[in-house]
Amino acid sequence: MKLVVVGGVAAGASIAARTRRLDEFAEIIVLERGHHVSFANCGLPYFIGGVITDRSRLLVQTPESLREALDLDVRVGNEVVSIDRAAKTVTVRRVDDGTEYTESYDALALTPGAEAVRPPIPGIDLDGVHVLRRMGDMDQIKAQLDALLTEAASGRRGPVRAVVIGAGYIGLEMTENLRHRGAEVDVVELADQILPPIDHELSVPVESHLRSRGVAVHLETGAAALREADGGIDVELTNHEVLRADLVILSAGVRPNTALAREAGLELGAHGGIAVDTHMRTSDPFIWAAGDAVETPSTVLPGSGLSPLAGPANREARVAAENICGRDTEYHSTQGTSIVKVFDMVAGGTGATQRQLIAAGVPHRAVHVHPSGHAGYYPGTAMMHLKVVFDPETGRVLGGQAAGFDGVDKRIDVLSVAVRNRLTVFDLEELELAYAPPFGSAKDPINMVGFVASNVVRGDLELWYAEDYPAAVEGARVIDVRTPEEFGIWHLPGAENVPLATLRSVCGDWDTSAPIRLYCAVGFRSYLAYRSLRQRGFTDLKTLSGGSTTFRAWHELDEPDVAAQREPMENYAETHSLFALAPTGVGASIDLDCTGLACPGPIMRLAETVTAANAGDEVTVHVSDPGFASDAPAWVKRSGHQLVSIEPEGPGYVAVIRKGGAGTMASARPASRGISSGTGGGIVNGPGKTSFVVFSGDMDKVLASFIIANGALAMGEEVSMFFTFWGLNALRREQPPKREKKLMDRMFGMMMPSSAQHLPLSTMNMAGMGPVMIKSVMKHHNVPSLPELIASAHTGGARLIGCTMTMDLLGIAHSDLMDGVELGGVATFLGEASESTTTLFI
Ligand code: FAD
């Protein structure tokens, strides 16, 4: 038997080698148009980055080694230019001299791989614009980069700038490696997220990590034109921004290399790849194909697809070889298991993404969990983001994705086995996985995601999803069951804070039929709340999948309203170096290790430590929770301390916080609106914040409060109003829903004004005549009424906070208060007051 293989890298070399193992006497010729065979293309970015230092290690085999070990006739620099199927011959062109010859075959294997997509934009062929497919591409990129870096090191030029077009796996690997060498990198991506092969919310933590490593990310835009300029290249984007580059890496995807097959009349599939059967045989019985050029059935989705990955290429090749040698071996499907390292993070997935399931109309449900990669108390772990999609009826696992710092590969591989073997989420609950503290948890993240998904299928848990917000919470009470401290740092607009610890004691008078949407940080506490309320008769309950962690991933990078609450962290990643304040040299230095603690652990430990410190002391806190990057500045802002610096460290951050107090308050003032530049800079004050304690229930005093509040809002200030004792009557609903009341509560209810409309005047009340006269005078002078002022303050963004202690004392329930009133205790008020420029007690 004479086998001719076209292409000699992943699939080609595998077919040739496997054929030899099965047929010692076959004549095997491998024709490769490039000058290398069987090289490790997956390692190319790492040689450019200097991680792999020995180039020869990438050359897994050479023509000589393949001849010696397997008696293969490997001809590099030989391109197959046509196939004569009738004569069973191929025409081969010698790349070096252009001469041609004909080679006959009994069996032909096509493994021509894929080619990089080169968008047809002006300047795409300029010097300095590269793709990375082959050893030669790698050598060119590395040579240019080395030369630029040498010039930069000698001071003959500024920093080296690279633009990477395409934020897929290869684009991000190149980004990391260029950055690793010291280049400044801009990544440009047409989609609204990096890593298009994974779902949006899983890509966001990786994007934040990328930014934290100093990479500029430009989403929803592409390269429109490339132009030579001042010895470099101007990359004009479709959003009209122009990026200056010294070198450009094009990683805008690949397309199957099918010219030969198409010209030979072989059938192609729906996605443009070579069509093959389960034996990897093409529409010609003497021609097989494998690798990036073919289409194979999807394990989960209907139909076939392209999957340009090394694993499938090698397995398809093995199947093709077995069939070429007369065996009956089948290749069933490809599930697209893939993984990428992005600096210290790892992300990947297997099976279908939710986006693909939606596009294909496949019914499914999703769950999100955020466990740590291994036991939190053992160093070196951080939060992992894990998502599984499954059949809502049977629980069959349809796909899974993970992003995190440690143990991501293991979880993706377990899910890959689950998808391949049609396991269900109930099986995930049961899997017995390797555990010791450095590797996992007794309840492995895979078990955890199985528990949650099984709860959903069994009907023990109903979820609402971040991507469905705000429709998912419309007409519902949104209850945040985290601690007031966490609530203070960030919460959903309009959410009520009912910490889990207090939920059971306060929910007694809640309407059990009212829709309630719960959430916490990752979904666990809200699940506990859900179970408690469900068993107390609440009927319309849902809890947020993945909690605020998933929610923020969905919404914060895009939504200015929510993002504004995170100031100044929105800009942190790109400008974090600006966060370095001048060291004071006074005060003690305290080291605090919070690695392995999940939110709110780091903030709580930090709060304890800073409280015990003296003004001016500096706490250096090490945290592995990536959310700390946004939580720390918000907490510092609220508590009147200073963020001296925050830098990426391992999976998380190291931050230095200087305790506020005497001598530091000037620069520790709150209400930051921006970050000044320069080392001596600090937080710059913008418009301030006014907070009120409304103690009085007198109409004139409440009126005055709201007039000032509306004025402050009009001046661009933030306003926070804490209603305690009689002041709370101003927030009572005109007609609250009926509920059972204890005797004392009924009596208080009868004695107190039933709403803002019925408040008395502080003087000249005259048995109610005074208020009537005031209202009429106000109307006459076109002064808005108290209810109108309240409504306008509320819609203007004022936080109206009801004092929970007063509510307990006076028997007022949350349902007695107007919509949108938040609940809070003295800590909430003090938190608000501490960051206010003006605080009024009325
Ligand atoms: P290739 O390995 O590309 O080989 C095809 C060969 O055919 C080429 O050498 C080509 O020159 C030759 N050829 C084409 N036409 C002809 C012709 N007419 N005559 C003669 N020869 C011809 N996958 C992963 O799973 N994980 C990774 O981490 C990963 N990293 C990657 C990083 C980079 C930079 C690149 C480029 C790819 C990476 N891949 C990765 C993808 C993986 O390398 C491919 O899926 C795999 O190599 C496909 O194997 P193949 O044999 O089909 O194609």
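Read on for a plain summary of the structure. Here the structure is a predicted model, which means the values were calculated and not measured.

**Some remarks on the nonpolar core**
1) Next: Formed by 48 residues in total, the largest nonpolar core has its most connected members in I15, I83, V90, L108 and L110.
2) Next: Broken down by element, this core gets its largest block of residues, 6 residues, from helix α8 (residues 310–324).
3) Next: Apart from the residues lying within four places of it in its own chain, the contact partners of I15 are L3, V5, A109, T111, A290, A317, A320, A321 and I324.
4) Next: L398, I412, L461 and L463 belong to the second largest nonpolar core, which has 47 residues in total.

**Considerations on the sheet that holds strand β28 (residues 477–480)**
1) Next: Strand order in the open sheet formed by 5 strands is β27-β31-β30-β28-β29, and the pairing between neighbours is parallel. The open sheet terminates on both sides in strands that have one partner only, identified here as β27 (463–464) and β29 (496–497).
2) Next: Bridge count for β28 against β29 is 2 bridges, and the pairing is parallel. Bridge pairing in β29 places I479 opposite E496.

**Comments concerning the pattern of salt bridges**
1) Next: The full count for this structure, using the stated rule, is 37 salt bridges.
2) Next: Across the pair R227 and E236 runs a salt bridge, and its minimum N-O distance is 3.0 Å.
3) Next: By relative accessible area, which is 37% here, R227 ends up partly exposed.
4) Next: In this structure, the salt-bridge partner of E496 is R477, at a minimum N-O distance of 2.7 Å. Remark: R477 occurs in strand β28 and E496 occurs in strand β29; sequence separation between them is 19 residues.
5) Next: Judged by relative accessible area, which is 18%, R477 ranks as buried.

**With respect to the site of the ligand**
1) Next: Contacts to the ligand come from 29 residues, most closely from A11, E32, V80, D292 and A310.
2) Next: A distance of 3.2 Å is found between an oxygen atom of the ligand and a backbone nitrogen or oxygen belonging to L309.
3) Next: Here the ligand has 980 Å² of accessible area as a free molecule, and 92% of this is covered by the chains.
4) Next: Secondary-structure elements contributing two or more residues to the shell around the ligand are α1 (10–22), β2 (27–32), β4 (78–84) and α8.

**A short note on the packing of aromatic side chains**
1) Next: Across all of its chains, the model carries 8 aromatic pairs by this definition.
2) Next: Ring centres of W510 and F538 lie 6.3 Å apart, and the angle between their planes is 85 degrees; this geometry places the pair in the edge-to-face category. Within this pair, whereas W510 is found in the loop between α14 (500–506) and β30 (516–519), its partner F538 is found in the loop between α15 (524–535) and β31 (541–544), the two being separated by 28 residues in sequence.
3) Next: Ring centres of F725 and W726 lie 6.0 Å apart, and the angle between their planes is 65 degrees; this geometry places the pair in the edge-to-face category.
4) Next: The class for W726 is partly exposed, based on a relative accessible area of 38%.
5) Next: Taken together, the aromatic side chains of Y469, W490, Y519 and F551 make up a single cluster linked through ring pairs.
6) Next: One cation-aromatic arrangement involves K88 over F286; the distance from NZ or CZ to the ring centre is 3.7 Å.
7) Next: Positioned over the ring face of W510 is R477, at 4.2 Å from the centre of the ring.

**Re unusual backbone geometry**
1) Next: Note that the residue after Y469, namely P470, is joined by a cis bond; omega there is 5 degrees.
2) Next: By secondary structure assignment, the location of P470 is in the loop between β27 and β28.
3) Next: Here H240, not a glycine, exhibits a phi torsion of approximately 75 degrees, which is positive.
4) Next: Its place among the elements puts H240 in the loop between β14 (232–237) and β15 (242–245).
5) Next: Despite not being glycine, F725 shows a phi value in the positive range, around 45 degrees.
6) Next: Relative to the helices and strands, F725 is located in the loop between β39 (718–723) and α22 (743–751).
7) Next: The exposure class assigned to F725 is partly exposed, which follows from its relative accessible area of 25%.

How each quantity is defined
- Residues numbered from 1 in each chain as written.
- Predicted model: local features only at pLDDT ≥ 70, side-chain atom pairs only at ≥ 80, totals over all residues.
- Heavy atoms only, no water.
- Core = buried A, V, L, I, M, F, W, Y, C linked by side-chain atoms within 4.5 Å.
- Buried < 20%, exposed > 50% of the residue type's maximum accessible area, 1.4 Å probe, protein only.
- Helix = DSSP H or I, 4+ residues; strand = E, 2+ residues; numbered from the N terminus.
- Contact = heavy atoms within 4.5 Å.
- Pairing = 2+ DSSP bridges.
- Salt bridge = Lys/Arg side-chain N within 4 Å of Asp/Glu carboxyl O.
- Near = heavy atom within 4 Å.
- Polar contact = N/O pair within 3.5 Å; in protein donor to acceptor, adjacent residues only side chain to side chain.
- Areas by Shrake-Rupley, 256 points an atom, 1.4 Å probe, with all protein chains shown as cover.
- Phe/Tyr/Trp six-rings, centres within 6.5 Å; stacked < 30°, edge-to-face > 60°.
- Lys NZ or Arg CZ within 6 Å of the ring centre and 35° of its normal.

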